[in-house]
Structure formats: C-alpha cells, structure tokens
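Each chain is listed here by its residues.
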Amino acid sequence: MSSSAQQALTAYVNGDFIPLEDATIHIEDRGFQFADGIYEVIACFGGNFLDLQAHLDRLQRSCEGVRIPLPCSLDKMATLVQETYDRNPFEDAMVYIQVTRGAAPRSHLPQGKLTPTLIITSRVLPKPSNEKIATGIKAITLKDIRWKHCEIKSIALLASVLGKQEAALKQADEAFWLDEEGHMLEGCATNILAIIDGVLVTHPLDHQVLGGITRDMAIRVAKKHGLSVEERPWRLDESGLTEAMMSSTTNAVMPIYCIDEKIIGTGKPGATTMQIRNWMLEAMDALRRV
Ligand code: PDD
C-alpha cells in the first residue's frame, strides 16, 4: 500500500482485482434492477479493521435474511477485504462490500440457480470535520417510510436517499426516522442514542433499526466505564434528555445539538457524548499501533 492518493484505485469484482475505472457489472444484475442485494461498510485504521468479524457476521445475517447464498466463506471474504484494502492507497479506509443475487433476465421471481455478484472497493475513510465535532450536527425527524426489515443491511436505500435530501434542504446533516408513537428509531445512515437522566438510551434491536456495529461499540465502551445503558423505545420530548448523538462506521459517535430546530441540552456537544467519542477514538487509534 502506498501513501499516494494518486495511485489508481482497484476494485474486486467477481473473482478479479481490476482498476476501479474499468469495473463494471451486467445491466441485468438484480442489484441494479431490483435492489436485490445487501452491503457492508467497514472501517480500517492503518491496516487493522475495526470489528471485522462483527461486520462479516452481519453480512451473513443479511444474506440469510434475503435468501442470497454467501458468495464465499467468511474467511475468504476477510481475505478479499484485506487484499482490497492492501491494493488501495488509503491508510484509514472504508471498505465497501456488496453482494447481489446475481445477473439474470428481469423477473421478480429469481429463476434457477444464480451466481451472486460480489464487489469490494476501498475508499478513504471520511471523517467528520473539526467544525462539526466542535459544534455538533443538526438533524430533522421524519415519519418512517421504510420497509419492515431494517435489521437487514439492504442496498434498497431510496427512503434514506430521500431522507438525506429532506435534511439537506433544511441545512441539516441527518434525518431520523420516527415510529407511529413518535419514538426515535435511527437515522438514514446512522443509529441515534441519547443521554436521559444520565443513562445512555437507544432503541432496542428489532426490525425497525439496523444493529449498528458502532452502536454496539458505544454501548460496550459506555458499560466498560460504568455508564448505565438502557435499550428501550424513547422520545425526544422526554424530560431528563440532556444529550443526543448519532453513531456509524464513518462517524464513531457525533454529538447532535439540534433536532427539528429544537436545541438539545445546552446546545453544545454533550460531555458524556464527547467522553464516549474519545473512548472510541482511543480504541481506533490503538488499531493504528498494532
Ligand atoms: N450506514 N443505521 C443505518 C440505517 C445505517 O445505514 C447505518 C450505517 C447504521 C450504522 O451502522 P454501523 O455502525 O454498522 O456503520 C445504522 C453505512 C455506514 C452506510 O450506509 O454507508
């Protein structure tokens, strides 16, 4: 791996490593025609992946959830992920894996035995700007219009694309989905957690939220340092809510200072949020030193 970002990028596509600019898939790939596929995004710090096994296990669960056979063993997948990282020039990278049911003449019902499409790319790991870390992010809420299997990391992300656009129109960074009772579920591409009466609270894992690997990490470090954690439905208007944060592979946790034009807590990044963020960044830094 070179440190030059000028180096041509390499993608893995169905058995071959090829220049990213030449990487193509069939126009009748079911991922393209039906969003019939699943994906993962994994962070790598200086050559060491954060929670790789947890991401691969979730990839397997997603495949099972949509009845797509795993294109290879998880061990082989780990090797391909490492090799894709190694063939690209980024120290801190975000490796993207996508598995679709494969290419076939268009028919809703998959016909016969298809060979899944597997692509893997590596890009520089995007990090929140110092300004966003200092101020926190602004968000909106939207009624959840997504399907009822959000625990599957499906590539069918149109609702999230629309949600992000709604947020951008309001100069906000993320949109969070609300259930019928006004409970905070998760964001278009993040989980959301809050500090309520000093307790770290987040929606329990069910069909309405993705089991974020970063959400797990936030819970893990919080518990390790003696914070109480509750996984329960919660609402923004709960008295005792002093902080909110969102979590994802590319964000660790990020403070949220405003939701629907309402200031959260003091309007500044919460102390507990920043403490959790720093604990997580320490663990990420430690990976660079392995
Ligand atoms: N998004 N919820 C949703 C709907 C997501 O799309 C994501 C991640 C998360 C956080 O999951 P994790 O902590 O495992 O990254 C929660 C990825 C990063 C994306 O779509 O690019």
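### Quick look at the packing of helix H2 (residues 52-65) against helix H3 (residues 74-86)
Part 1 of the argument: The contact between H2 and H3 brings their axes to 11 Å, and the two run at 125 degrees. On the basis of their axis angle, the class for H2 and H3 is oblique. Here H2 and H3 pass one another in a crossing that is right-handed. Contacts between H2 and H3 involve Leu52, Gln53, Leu56, Asp57, Leu59 and Gln60 on the former and, on the latter, Leu74, Met77, Ala78 and Val81.
Part 2 of the argument: Taken together, the residues of the contact of H2 with H3 sort by class into seven nonpolar, two polar and one charged.

### Describing the nonpolar core
Part 1 of the argument: One finds Phe49, Ile97, Val99, Leu118 and Ile120 to be the most contacted residues of the largest nonpolar core, which totals 26 residues.
Part 2 of the argument: No other element matches the five residues that H3 contributes to this core.
Part 3 of the argument: Residue contacts for isoleucine 120: discarding those within four places in its chain leaves Ala11, Tyr12, Leu80, Val81, Thr84, Val95, Tyr96 and Ile97.

### Quick word on the site of the ligand
Part 1 of the argument: Tyr39, Glu186, Ile213, Thr214 and Thr249 are the nearest of the 17 residues found near the ligand.
Part 2 of the argument: One of the side-chain N or O atoms of tyrosine 39 is found 2.6 Å from an oxygen atom in the ligand.
Part 3 of the argument: Within the backbone of isoleucine 213, a nitrogen or oxygen atom sits 2.9 Å from an oxygen atom of the ligand.
Part 4 of the argument: Summarising the interface, the protein chains cover 87% of the accessible area of the ligand, which totals 470 Å² for the free molecule.
Part 5 of the argument: Counting atoms within 2 Å of the grid points, the majority share of the ligand lands in the largest pocket.
Part 6 of the argument: The class makeup of the residues in the shell around the ligand is six nonpolar, eight polar and three charged.
Part 7 of the argument: Of the domains in this structure, domain 1 (3-124) and domain 2 (130-288) are the two that each give at least three residues to the shell around the ligand.

### Thoughts on the side chain of serine 62
Part 1 of the argument: Secondary-structure assignment places serine 62 in helix H2.
Part 2 of the argument: A residue is classified by how much of its surface remains accessible, and serine 62, at 1% relative accessible area, is buried.
Part 3 of the argument: When residues no more than four places from it in sequence are discounted, the contact partners of serine 62 are Ile38, Ile152 and Lys153.

### Re the pairing of strand E3 (residues 37-45)
Part 1 of the argument: With respect to burial, E3 is a largely interior element, nine of its nine residues being buried.
Part 2 of the argument: Both faces of E3 are covered, namely the face carrying Gly37, Tyr39, Val41, Ala43 and Phe45 and the face carrying Ile38, Glu40, Ile42 and Cys44.
Part 3 of the argument: Strand direction decides the pairing type here: E3 and strand E5 (residues 92-100), joined by nine bridges, are antiparallel. Considered in E5, the bridge of isoleucine 42 is made with valine 95.
Part 4 of the argument: As defined by bridge partners, E3 adjoins strand E4 (residues 48-49) across two bridges and the pair is classed as antiparallel. Bridge pairing in E4 places phenylalanine 45 opposite asparagine 48.
Part 5 of the argument: Where E3 folds back onto E4 in an antiparallel hairpin, the turn is made up of two residues, including glycine 46, whose phi is positive at roughly 55 degrees.

### Points about the domain arrangement of the protein chain
Part 1 of the argument: Partitioning the protein chain into structural domains gives domain 1 (3-124) and domain 2 (130-288).
Part 2 of the argument: Contacts between the two partners involve 27 residues from domain 1, matched on the other side by 17 residues from domain 2.
Part 3 of the argument: Around 1800 Å² of area is buried between domain 1 and domain 2 when both sides are counted, 67% of it from carbon and sulfur atoms.
Part 4 of the argument: Inspection of the domain 1/domain 2 interface yields two salt bridges.
Part 5 of the argument: Across the salt bridge formed by aspartate 51 and arginine 220, the nearest N and O atoms sit 3.4 Å from each other.
Part 6 of the argument: Our enumeration of links across domain 1 and domain 2 arrives at seven residue pairs in polar contact (both at pLDDT 80 or more).

Reading the values: rules and limits
- Residues numbered from 1 in each chain as written.
- Predicted model: local features only at pLDDT ≥ 70, side-chain atom pairs only at ≥ 80, totals over all residues.
- Heavy atoms only, no water.
- Axes fitted to C-alpha atoms, helices over the stretch in contact; angles between N-to-C directions.
- Helix = DSSP H or I, 4+ residues; strand = E, 2+ residues; numbered from the N terminus.
- Parallel < 35°, antiparallel > 145°, perpendicular 65-115°, else oblique.
- Left-handed = near helix turned anticlockwise from the far one by under 90°.
- Contact = heavy atoms within 4.5 Å.
- Nonpolar A, V, L, I, M, F, W, Y, C, P; charged D, E, K, R; others polar.
- Core = buried A, V, L, I, M, F, W, Y, C linked by side-chain atoms within 4.5 Å.
- Buried < 20%, exposed > 50% of the residue type's maximum accessible area, 1.4 Å probe, protein only.
- Near = heavy atom within 4 Å.
- Polar contact = N/O pair within 3.5 Å; in protein donor to acceptor, adjacent residues only side chain to side chain.
- Areas by Shrake-Rupley, 256 points an atom, 1.4 Å probe, with all protein chains shown as cover.
- 1 Å grid on protein atoms, 1.4 Å probe; cavity = no way out; pocket = protein on both sides within 12 Å on 5 of 7 lines; lining within 4 Å.
- Sits in = over half its atoms within 2 Å of the grid points.
- Domains from an automatic or database assignment.
- Pairing = 2+ DSSP bridges.
- Buried area = accessible area lost by both parts, 1.4 Å probe.
- Salt bridge = Lys/Arg side-chain N within 4 Å of Asp/Glu carboxyl O.

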